[in-house]
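Okay, here's what each chain looks like letter by letter:
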Amino acid sequence: MSRLGQTSLGAAAGLLIDRVVGEPPASAHPIAEFGKAMKHIEQALWANRRLAGIAYATIGVTIGAAGGWLMKSTATAVAVTAAGHELRQVAMQIREMVVSRDLPAARTELRTLVGRDRSELDACNITAAVIESMAENGVDAVIAPAFWGAVAGAPGAAIYRAINTMDAMVGLRNERYSNFGWAAARLDDVANYIPARIFATLVAMLNQQQGHQIIDTIRQDASSHPSPNAGVSEAAVAGALNLKLGGPLSYQGVIEERPFLGSGSRPEPNDIEAAVRLIDRVEIAAVGVLVLIWFIDWLLNQGSS
């Protein structure tokens, strides 16, 4: 069996482990420890210059590579760096809070999914934020860790999560991080470029009746999103569920005139459940594709032996 066959099977196993077990406790989660370490490194290196941010990102990638090398197992690395189980669980918890009209609790829980200002969000905008996060994290927390695990084994999955974590910490468009966070943000754009398009392809394949609508929504709306990858994944979900996502939002009191994605209706709480089912099916399909790659590799090796 080739290395690609081995790592593909390991990545599939990692996604399945996350589905069954979920994430480690926060007190023992390697990603949480990485975040703490990078916070100290930021304090030591911060300067309003891209060069300082490049040094920060280089250290983070190195730590990620070392962590993946120490884990050795692709399955373990993907299980640790994926978070589909937690993503679906939190989304459904927020749905129940919105349905019961406990909007303050829903806004509080929403902080685990999004960084936007939440204090003024109504039920519709809370719901939209959850579904948009499901779409974006369907890439960040499911497809991308598995993709990079299959491509580069345990170090690939760990480096990806290091990049994604650094982007969440410093890849922000504000005065402090516009220069310092530039390298982390650009690395994240590159790391998610192919996984975002794999995600959109799987969404279209799993929703063939809406296939033309999904493709049209991506073509018409994705490029207007500030992220080259979140725009693709959110547009795909908007097309699949016939929703209108996006629109203006606020970060730290600053209004961002985000575009609308899709031409359907604005989301309602039950649409969260539909989005959870969609992301769940995408993850299962990803496992199937990874196992198929392993099986084809096995057949090829059988034929050559």
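What you see is a predicted model, and the numbers here were worked out from it, not measured in a lab. (Residues numbered from 1 in each chain as written. Predicted model: local features only at pLDDT ≥ 70, side-chain atom pairs only at ≥ 80, totals over all residues. Heavy atoms only, no water.)

Brief notes about the packing of aromatic side chains
Counted only if it meets this: Between the rings of Phe, Tyr and Trp (Trp by its six-membered ring), a pair exists once the centres lie within 6.5 Å; its type follows the angle of the planes, with under 30 degrees stacked, over 60 edge-to-face, and the other angles tilted. The criterion for a charge sitting over a ring is simple: Lys NZ or Arg CZ within 6 Å of the ring centre, and within 35 degrees of the ring normal.
By the definition in use, this model includes four aromatic pairs. Geometrically, the ring pair formed by phenylalanine 147 and tryptophan 148 is edge-to-face, given 4.9 Å between the ring centres and 80° between the ring planes. One aromatic cluster is present, built from ring pairs that chain together Trp294, Phe295 and Trp298. In this structure, arginine 197 is placed above the aromatic ring of tyrosine 193, and the distance from its NZ or CZ to the ring centre is 3.7 Å. In this structure, lysine 244 packs its charged tip against the face of phenylalanine 260, placed 5.3 Å from the ring centre.

Thoughts on the packing of helix H3 (residues 50-71) against helix H9 (residues 182-206)
Each packed pair of helices is defined by two parameters, the angle between the axes and the distance between the axes. Rules: Only the stretch in contact is used when a helix axis is fitted, and all axes are lines through C-alpha atoms; the angle between N-to-C directions ranges over 0 to 180 degrees. Secondary structure counts use DSSP, requiring at least four H or I residues in a row for a helix and at least two E residues in a row for a strand, with both numbered from the N terminus. Note on angle classes: values under 35 degrees are labelled roughly parallel, values over 145 roughly antiparallel, values of 65 to 115 roughly perpendicular, and the remainder oblique. Should any heavy atoms of two residues lie within 4.5 Å, those residues are counted as being in contact. Under this grouping Gly is polar, as are all residues other than the nonpolar Ala, Val, Leu, Ile, Met, Phe, Trp, Tyr, Cys and Pro and the charged Asp, Glu, Lys and Arg.
Contact pair H3 / H9: the axes reach a minimum separation of 7 Å and the direction vectors enclose 55°. One way to sum up the angle between H3 and H9 is to call them oblique. The residues of H9 that touch H3, namely those facing Arg50, Gly53, Ile54, Ala57 and Val61, are Trp182, Ala183, Ala184 and Leu187. Taken together, the residues of the contact of H3 with H9 sort by class into seven nonpolar, one polar and one charged.

Brief notes about helix H7 (residues 123-170)
Selection rule: How far a helix is expected to stretch is found by multiplying one less than its residue total by 1.5 Å. Note that bend, as reported per residue, equals the angle between axes fitted to the 7 residues terminating at that residue and the 7 residues originating from it. Each residue is placed in one exposure class: buried if its accessible area under a 1.4 Å probe, protein chains only, is under 20% of its type's maximum, exposed if it is over 50%, and partly exposed if it falls in between.
The terminal C-alpha atoms of H7, which comprises 48 residues, lie only 29 Å apart, well short of the 70 Å expected from a rise of 1.5 Å per residue. Along its length, H7 shows its largest kink, about 145°, at alanine 152, and proline proline 155 lies within four residues downstream of that point. Counting buried residues in H7 gives 38 out of 48 residues, a clear majority hidden from the surface.

Re helix H5 (residues 84-99)
Operational definition: The arc under discussion is defined with respect to the helix axis, by the directions toward the C-beta atoms.
Taking 1.5 Å as the rise per residue, H5 with 16 residues should run 22 Å; its terminal C-alpha atoms sit 23 Å apart, in good agreement. Burial in H5 covers these residues: Gly84, Leu87, Arg88, Val90, Ala91, Ile94, Arg95 and Val98. Seen from one end, H5 has its buried residues packed into an arc of 165°, which puts them on one side. Following H5 by one or two positions, arginine 101 has its phi on the positive side, about 70°.

Concerning the layout of surface pockets
Using the following cut-off: Think of a 1 Å grid over just the protein atoms. A cavity is a set of points where a 1.4 Å probe fits yet cannot get out, a pocket is an open set with protein on both sides within 12 Å along at least five of seven lines, and lining residues have an atom within 4 Å of a point. Grid points are joined across faces, edges and corners, and a volume is the space filled by probe spheres set on the points.
Considering only enclosed or pocket space, the second largest pocket measures out at about 280 Å³ in volume. The wall of the second largest pocket is formed by 17 residues, among which Arg116, Leu121, Asn125, Pro248 and Leu249 lie closest to the centre. Here the lining of the second largest pocket takes three residues from H7, the largest share from any one element. The residue inventory of the lining of the second largest pocket, partitioned by class, reads five nonpolar, five polar and seven charged.

A few points about the confidence of the model for the chain
Which entries qualify depends on this criterion: For every residue, the predictor states its confidence as a pLDDT score lying anywhere from 0 to 100.
The share of residues in the chain with pLDDT of 70 or more is 99%, and the mean pLDDT across the chain is 94. For the chain, strand S3 (residues 254-256) is the element with the lowest average pLDDT, namely 76, and H9 is the one with the highest, namely 98.

With respect to the packing of H9 against helix H11 (residues 230-241)
Closest axis-to-axis distance for the H9/H11 pair is 9 Å, and the angle between their directions is 10°. As judged from the angle between their axes, H9 and H11 are roughly parallel. Counting all contacts with H9, which are made through Ala196, Arg197, Phe199, Ala200 and Val203, the residues of H11 involved are Val232, Ser233, Ala236, Val237 and Ala240. Considered class by class, the residues forming the contact of H9 with H11 number eight nonpolar, one polar and one charged.

Remarks on a nonpolar patch on the surface
The following threshold applies: Patch rule: a residue counts if its relative accessible area is over 30% and it has no salt bridge; like charges are joined within 9 Å, and nonpolar side chains (Val, Leu, Ile, Met, Phe, Trp, Tyr) within 5 Å. Surface accessibility follows the Shrake-Rupley procedure with a 1.4 Å probe radius. Residue values consider only the protein chains on display as shielding. Any Lys or Arg side-chain nitrogen located within 4 Å of an Asp or Glu carboxyl oxygen qualifies as a salt bridge.
A surface patch of nonpolar side chains, amounting to about 670 Å² of accessible area, comprises Met1, Leu292, Phe295, Ile296, Trp298, Leu299 and Leu300. Tracing the backbone through its elements, the reader meets phenylalanine 295 in helix H12 (residues 269-304).

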